[in-house]
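# Analysis of the macromolecular model
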Amino acid sequence: MIVIEGRIFYNGSLTQGAVGIEDGKITDVKKVLRGDRNIDLGDRIILPGAVDPHVHFRDPGMTGKEDFVSGSTAALYGGVTCVLDMPNTKPPVTDARSLDDKKRTIKGRSFVDYGLFAALTKGCDVLSMAAKVAGFKLFMGSTTGDLLMNDPSDVHWSITAAARTGKRISIHAEDDSMIHRNEEKNNRDHLRNRPVSAEHNAISRLSPYKGMKVNICHITDAHSAALASSFGFTTEVTAHHLLFDDSVSDSGEYKVNPPLRDRKTKDALYKAFIDDKITMFGSDHAPHTIDEKQRIYNDAPSGIPGVETYVPMMMDMVKRGKITVQHLVKMSSAAPSQAFGIKKGMIKKGYDADIAVYDMRLSKRIRARELHSKASYTPYEGRDAIFPDMVIVNGNIQLKDGELCGDMTGRDMFE
Ligand code: DOR
Ligand code: ZN
Ligand code: ZN
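What comes next concerns the included structure. (Residues numbered from 1 in each chain as written. Chains lettered and ligands numbered in written order. Predicted model: local features only at pLDDT ≥ 70, side-chain atom pairs only at ≥ 80, totals over all residues. Heavy atoms only, no water.)

## Side note on the overall build of the protein chain
The cut-off we apply is this: By the criteria applied, helices consist of DSSP H or I runs no shorter than four residues and strands consist of E runs no shorter than two, each listed in order from the N terminus. Between the two quantities, the radius of gyration covers C-alpha atoms and the globule rule is 2.2 Å times the number of residues to the power 0.38. Burial classes: relative accessible area under 20% of the type maximum marks a residue as buried, over 50% as exposed, and values in between as partly exposed (1.4 Å probe, protein chains only). The contact definition used throughout considers only heavy atoms, calling two residues in contact when any of these lie within 4.5 Å. Note on areas: Shrake-Rupley, 1.4 Å probe, and residue coverage restricted to the protein chains presented here.
For the protein chain, the count of helices and strands is 12 helices and 18 strands. Since a compact globule built from 415 residues should have a radius of gyration of about 22 Å, the 20 Å found for the protein chain is in line with a globular shape. Across the 415 residues that make up the protein chain, the buried fraction comes to 61%. Across the protein chain, contacts joining residues at least 24 apart in sequence account for 72% of those joining residues at least 6 apart. For the protein chain, the accessible area works out to roughly 15600 Å², and carbon and sulfur atoms hold 49% of it.

So, in structure tokens, the structure goes:
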């Protein structure tokens with residue numbers, strides 16, 4: 001048994017103690033434990049690893065933008081010990097065969113644990129995929145990939161079929177019929193083409209599915225969040241929608257779907273976040289090449305990278321007293337694990353030994369050149385963050401003294 005000692009996030013607060021780890025699981029949490037090896041972390045903070053329910057690692061098919069090796073390395077350096085990967089890869093994951101092929105491609109190439117989504121498409125065979133996926137993804141608005149399914153009868157059929165499997169359905173909720181396609185020169189034009197009403201309308205249309213296991217991705221608006229919650233849905237929020245509004249810059253680097261909103265909408269979203277009205281973080285890590293992102297705005301693809309930076313930025317906010325560590329752990333670890341039914345996200349006997357250790361003294365500025373995604377840029381350049389100095393995934397020490405030291409032992413959680 002390995003034992004790590006420090007300030008453990010246990011039962012909702014930080015207490016000095018010891019975590020016992022054996023065969024990839026947490027076997028004990030006590031004031032004092034004696035192991036075959038004891039690692040004393042002093043006053044460093046020991047948190048459950050984060051579970052990112054929304055990444056686009058572009059593998060297979062677009063590995064120039066990212067692949068599972070680079071994406072999972074970035075996740076690890078950001079304290080994320082499990083990622084759920086979206087199906088808009090090439091070919092897209094739409095049936096048992098493309099799912100199995102993707103699993104074969106990725107196997108042995110991840111530093112963190114993972115699960116895959118399958119896309120809901122017309123007439124797809126949900127039953128043949130259900131046991132092997134983290135959940136299903138429905139795109140009600142068009143974006144990267146070609147997986148749009150916004151026709152009311154298709155939406156109805158697919159949600160009903162997928163809900164019967166017991167898996168959660170993550171939805172890109174922008175009603176495509178309300179999206180305009182006028183030429184765009186900047187974020188304001190992009191926002192005009194994709195108004196917040198498109199998000200609101202998409203969620204309103206989901207009222208027949210009240211109480212079903214639906215997750216609204218990348219929520220951008222407090223009213224949308226309230227509506228989704230009133231239907232019993234979980235909600236995800238990204239760092240970019242919390243921290244940026246449409247005035248940030250006119251560069252295509254900030255082009256994303258759903259778009260950055262106006263200042264008022266962003267401020268209300270931030271308040272809803274602070275008031276605990278949103279279920280969880282999801283980075284929506286969506287890397288593209290810097291060349292693509294620096295094209296004229298209209299031709300730049302949508303998507304912002306963020307898997308490596310969202311937890312470290314939030315840790316810095318904890319340090320500054322802007323959010324509590326309880327709120328952070330709930331939104332980054334406990335809630336996503338619970339939503340997708342995996343025994344992670346808590347330091348508790350019987351849970352996977354996924355742990356991230358932070359030294360609260362080690363604030364530093366985010367620098368794109370020090371990050372690990374193939375996207376060689378970050379919209380968070382210069383922001384303060386606290387990166388983990390040790391990360392354990394499934395009992396394996398993958399990162400130590402802030403440096404990668406493990407192997408690609410990440411497991412598919414839905415094999
Ligand atoms: O901006 C986005 N980029 N939004 C999405 O929904 C998809 C993502 C991507 O895959 O690039
Ligand atoms: Zn989306
Ligand atoms: Zn996405």
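## Quick look at the coordination of the zinc ion (ligand 2)
For clarity, the threshold we go by: In this description, a donor is an N, O or S atom within 2.8 Å of the metal centre, a cutoff extended to 3.2 Å for sodium, potassium and calcium. Water is not part of the atom list, which can make sites seem incomplete.
For the zinc ion (ligand 2), every protein donor is listed as H172 (ND1) and H218 (NE2), and the spread of their distances is 2.1 Å. Between the two metals, the zinc ion (ligand 2) and the zinc ion (ligand 3), the spacing is 3.5 Å. Within this pair, whereas H172 is found in strand β9 (residues 168-172), its partner H218 is found in the loop between β10 (214-216) and α7 (222-230), the two being separated by 46 residues in sequence. Owing to a relative accessible area of 2%, H172 belongs among the buried residues under this scheme.

## Focus on the coordination of the zinc ion (ligand 3)
Within the protein, the atoms that donate to the zinc ion (ligand 3) are H54 (NE2), H56 (NE2) and D284 (OD), at distances of 2.0 to 2.1 Å. Donor residues binding the zinc ion (ligand 3) come from one chain and are separated in sequence as H-x1-H-x227-D.

## Quick notes on the state of the cysteines
Inclusion rule: A pair of sulfur atoms, both from cysteines and within 2.5 Å, is called a disulfide here.
Considering all chains together, one arrives at 0 disulfides under this definition. Not engaged in a disulfide, the cysteine C82 finds its nearest cysteine sulfur in C217; these two sulfurs lie 16 Å apart. Using a relative accessible area of 0% as the deciding quantity, one classes C82 as buried. Here C124 is not cross-linked by a disulfide; its sulfur's nearest cysteine counterpart is in C217, at 16 Å.

## Description of the nonpolar core
To keep things clear, this is the line we draw: What makes a nonpolar core is a set of buried Ala, Val, Leu, Ile, Met, Phe, Trp, Tyr and Cys residues whose side-chain atoms join them at distances within 4.5 Å.
Residues V83, I171 and I216 are the most contacted members of the largest nonpolar core, which totals 89 residues. Counting residues per element, this core draws most heavily on helix α11 (residues 310-319), which supplies 7 residues. Judged by nonpolar contacts, the second largest core, of 17 residues, contains I4, I39, Y351 and M390.

## Here we look at helix α4 (residues 152-164)
Put simply, the test is: Under the convention used throughout, the expected extent of a helix is 1.5 Å for every residue step, that is, one less than its residue count.
Over its 13 residues, α4 runs 18 Å from end to end, which matches the ideal 18 Å to within 8%, given 1.5 Å per residue. Turning to α4, its buried residues are D154, V155, S158, I159, A161 and A162. If you follow the buried residues of α4, they end up packed against α3 (126-130), β8 (135-139) and β9. Remark: G166 follows α4 within two positions and exhibits a positive phi of approximately 85°.

## Focus on the pairing of β9
Under the convention used in this document: Paired strands, in this sense, are two strands between which DSSP finds at least two bridges. By convention a crossover is right-handed if, when the strands point away from the viewer, the path from the first strand over the helix to the second runs clockwise.
The element β9 is largely enclosed, with a buried count of 5 among its 5 residues. Relative to β9, β8 runs parallel, the two being bridged by 5 bridges. Paired with K137 across the strands is S170, a residue of β9. A crossover links β8 with its parallel partner β9, the connecting element being α4, and its sense is right-handed.

## Observations concerning the site of ligand 1
Test applied: A cutoff of 4 Å decides nearness: a residue is near a molecule or strand if any of its heavy atoms lies inside that distance of it. Whenever two N or O atoms come within 3.5 Å, that pair is a polar contact, provided that in protein one can donate a hydrogen and the other can accept it, and provided that, for residues adjacent in sequence, both atoms are side-chain atoms.
Taken together, H56, R58, N88, T143, T144, H172, V256, N257, A286, H288, S302 and G303 form the complete shell of residues around ligand 1. Within the side chain of H288, an N or O atom sits 3.2 Å from an oxygen atom of ligand 1. S302 is positioned with one of its backbone polar atoms (N or O) 3.0 Å from a nitrogen atom of ligand 1.

## Brief notes about the pairing of strand β5 (residues 50-55)
The buried fraction of β5 is high, at 6 of 6 residues. Examined bridge by bridge, β5 and strand β6 (residues 80-85) share 4 bridges and lie parallel to one another. Note on β6: the bridge partner recorded for A50 is V80. Note that the unit made of β5, helix α1 (residues 68-77) and β6 has a crossover that is right-handed.

## Quick notes on the sheet that holds β9
The strands that make up a sheet are held in pairs by hydrogen bonds between backbone atoms, and each pair lies either parallel or antiparallel. Taken in spatial order, the 8 strands of this open sheet run β5-β6-β7-β8-β9-β10-β11-β12, and their pairing is parallel. Looking at the sheet topology across the chains shown, the edges are occupied by β5 and β12 (280-281). In this structure, β6 lies alongside strand β7 (residues 113-119), joined through 4 bridges in parallel fashion. For L84, the partnering residue across the bridge sits in β7 and is G115.

## Concerning the environment of L206
As for its placement among the helices and strands, L206 is situated in the loop between α6 (196-204) and β10. In sequence terms L206 and P152 are 54 residues apart; their C-alpha atoms lie 10.0 Å from each other. The contacts of L206, once residues within four sequence positions are left out, are M140, V155, I159, I171, I216, F231 and F233.

Worth remembering: the numbers are spatial, not functional.
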